[in-house]
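Letter by letter, the chains look like this.
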Amino acid sequence: MIEGKLVRLRAFEADDLDASHAFVNDYETLREMLSGIPYPSSMSDEREWLSRQSCVTRGEYQFAVEDGEGYLVGRCGVTRLDWKNRLGELGIMVGAPYRGRGYGTEAMALLCAFCFEELNLHKLRVSVLAFNRPALRCYEANGFVREGLLRDEVWRKGAWQDVVLLSKTAP
Ligand SMILES: CC(C)(COP(=O)(O)OP(=O)(O)OC[C@H]1O[C@@H](n2cnc3c(N)ncnc32)[C@H](O)[C@@H]1OP(=O)(O)O)[C@@H](O)C(=O)NCCC(=O)NCCS
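In this text the structure is predicted, and so the values were computed from the model without any measurement.

> Honestly, the overall build of the chain in this entry has me stumped. Any pointers?
Helices and strands together make up the secondary structure of the chain, namely five helices and eight strands. Taken from the N to the C terminus, the helices and strands of the chain come in the order β-β-α-α-α-β-β-β-α-β-α-β-β. Relative to the 2.2 N^0.38 estimate, which gives 16 Å for 171 residues, the radius of gyration of the chain is 15 Å and therefore close to what a compact globule would have. Seen through its principal axes, the chain has C-alpha atoms that stretch 40 × 40 × 30 Å. Counting only residues that meet the buried cut, the chain has 43% of its 171 residues in that class. Restricting to contacts in the chain with at least 6 residues of sequence separation, those with at least 24 account for 61%. Carbon together with sulfur atoms contributes 51% to the accessible area of the chain, which is approximately 9700 Å² in total. A distance of 6 Å separates the average location of the 22 positive side-chain charges in the chain from that of its 25 negative side-chain charges.

Here's what the structure looks like:
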């Protein structure tokens, strides 16, 4: 629906379930992501998450990311919307087999455009584990700037990890 050169952002469909479930059960992927504890999710957990991503739900806006051949390659979205201050928090995941092809960087550009041009947000925030260089590159390539460093914020991979805060304001 939101078209880029490499990817499009669209709604989740019921037949995304298998691929989506595989993405979020990749242990290395989970260990790169800030939220929660890296822990497997069942097919029914994933079905339930997908069923909540509806255009009639206004709490957050999650997109399926599809490549030029129509394969589901990941997801991205904006959550924790603060309408008074026009703030939103972004997240993105590209499945392991599809990384390094520019999909994440373009999906992030499309998501930022949606947030500014359609939601009228003023500021977009992301929090990234400091060791996650691909994610930092993906955000910085899209004009996010570093705002701060939370030292020893998260216990991950058997050690305390720093978290980098980045943001981007409306053009
Ligand atoms: C972060 C992420 C979305 C990037 O998606 P992607 O489609 O691979 O991104 P791109 O192909 O646009 O590449 C972005 C940068 O990551 C780098 N990169 C991609 N795959 C990489 C890999 N396996 N190892 C090292 N760097 C990699 C690219 O080289 C690029 O950096 P560059 O501009 O310096 O060349 C993806 O790696 C991912 O989903 N990771 C796991 C989940 C995650 O970390 N989400 C973000 C949490 S804040």
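> Would you mind showing me how to read the packing of aromatic side chains here?
The way to describe two aromatic rings as a pair is by their centre distance and the angle between their planes. Within the structure shown, the criterion is met by six aromatic pairs. Over the aromatic face of Trp49 sits the side chain of Arg75, whose NZ or CZ is 3.9 Å from the ring centroid.

> Would you mind going over the environment of Leu124 with me for this structure?
Topologically, Leu124 is positioned in strand E6 (residues 123-129). Spatially, the C-alpha atoms of Leu124 and Gly104 are 16 Å apart, while their sequence positions differ by 20 residues.

> Any chance you could explain the nonpolar core here in plain terms?
Grouped burial of nonpolar side chains is what soluble globular proteins tend to show. With 44 residues, the main nonpolar core has Leu9, Leu90, Met108, Cys115, Tyr139 and Phe144 as its most contacted residues. Counting residues per element, this core draws most heavily on helix H4 (residues 103-117), at nine residues. Filtering out sequence-adjacent residues up to four positions away, Leu9 remains in contact with Met1, Ile2, Phe63, Ala64, Val65, Cys76, Ala107, Leu110 and Leu111.

> Would you explain the packing of H4 against helix H5 (residues 133-141) in this entry?
Axes are the key here: two packed helices are described by the angle between their axes and the distance separating the axes. Where H4 meets H5, the closest approach of the two axes is 9 Å, and the angle between their N-to-C directions is 45°. With respect to their mutual orientation, H4 and H5 come out oblique. H4 and H5 meet at a crossing whose hand is right-handed. When H4 is examined against H5, the residues Gly104, Thr105 and Met108 are found in contact with a partner set consisting of Cys138, Tyr139 and Ala141.

> Could you clarify how one ought to interpret the site of the ligand in this entry?
With respect to spatial proximity, 18 residues lie near the ligand, and among them Val94, Gly102, Thr105, Asn132 and Arg137 are the closest. Contacts to the ligand include Ile92, whose backbone N or O atom sits 2.8 Å from a nitrogen atom. Within the backbone of Gly102, an N or O atom sits 2.7 Å from an oxygen atom of the ligand. When isolated, the ligand has an accessible area of 910 Å², and the protein chains bury 71% of it. Looking at the shell around the ligand, the elements that each hand over two or more residues are strand E5 (87-94), H4 and H5. Among the elements that line the shell around the ligand, the one with the most residues is H5, at four residues. Among the residues making up the shell around the ligand, the classes are represented as eight nonpolar, six polar and four charged.

> Where do I start with the sheet that holds strand E4 (residues 72-82) in this structure?
Within a sheet, neighbouring strands are paired by backbone hydrogen bonds and run either parallel or antiparallel to one another. The strand order across the open sheet built from eight strands is E1-E2-E3-E4-E5-E6-E8-E7, with neighbouring strands paired in mixed fashion. Two strands close off the open sheet at either side, each with one partner strand: strand E1 (2-3) and strand E7 (145-156). As defined by bridge partners, E7 adjoins strand E8 (residues 159-169) across eight bridges and the pair is classed as antiparallel. Paired with Val145 across the strands is Ser167, a residue of E8. Here H4 sits on the sheet in contact with E1, strand E2 (7-10), strand E3 (61-67), E4, E5, E6 and E8, set at roughly 155° to E5.

Rules and cut-offs
Residues numbered from 1 in each chain as written. Predicted model: local features only at pLDDT ≥ 70, side-chain atom pairs only at ≥ 80, totals over all residues. Heavy atoms only, no water. Helix = DSSP H or I, 4+ residues; strand = E, 2+ residues; numbered from the N terminus. Rg over C-alpha atoms; globule rule 2.2 N^0.38 Å. Buried < 20%, exposed > 50% of the residue type's maximum accessible area, 1.4 Å probe, protein only. Contact = heavy atoms within 4.5 Å. Areas by Shrake-Rupley, 256 points an atom, 1.4 Å probe, with all protein chains shown as cover. Lys, Arg positive; Asp, Glu negative; His and termini not counted. Charge placed at Lys NZ, Arg CZ, Asp CG, Glu CD. Phe/Tyr/Trp six-rings, centres within 6.5 Å; stacked < 30°, edge-to-face > 60°. Lys NZ or Arg CZ within 6 Å of the ring centre and 35° of its normal. Core = buried A, V, L, I, M, F, W, Y, C linked by side-chain atoms within 4.5 Å. Axes fitted to C-alpha atoms, helices over the stretch in contact; angles between N-to-C directions. Parallel < 35°, antiparallel > 145°, perpendicular 65-115°, else oblique. Left-handed = near helix turned anticlockwise from the far one by under 90°. Near = heavy atom within 4 Å. Polar contact = N/O pair within 3.5 Å; in protein donor to acceptor, adjacent residues only side chain to side chain. Nonpolar A, V, L, I, M, F, W, Y, C, P; charged D, E, K, R; others polar. Pairing = 2+ DSSP bridges.

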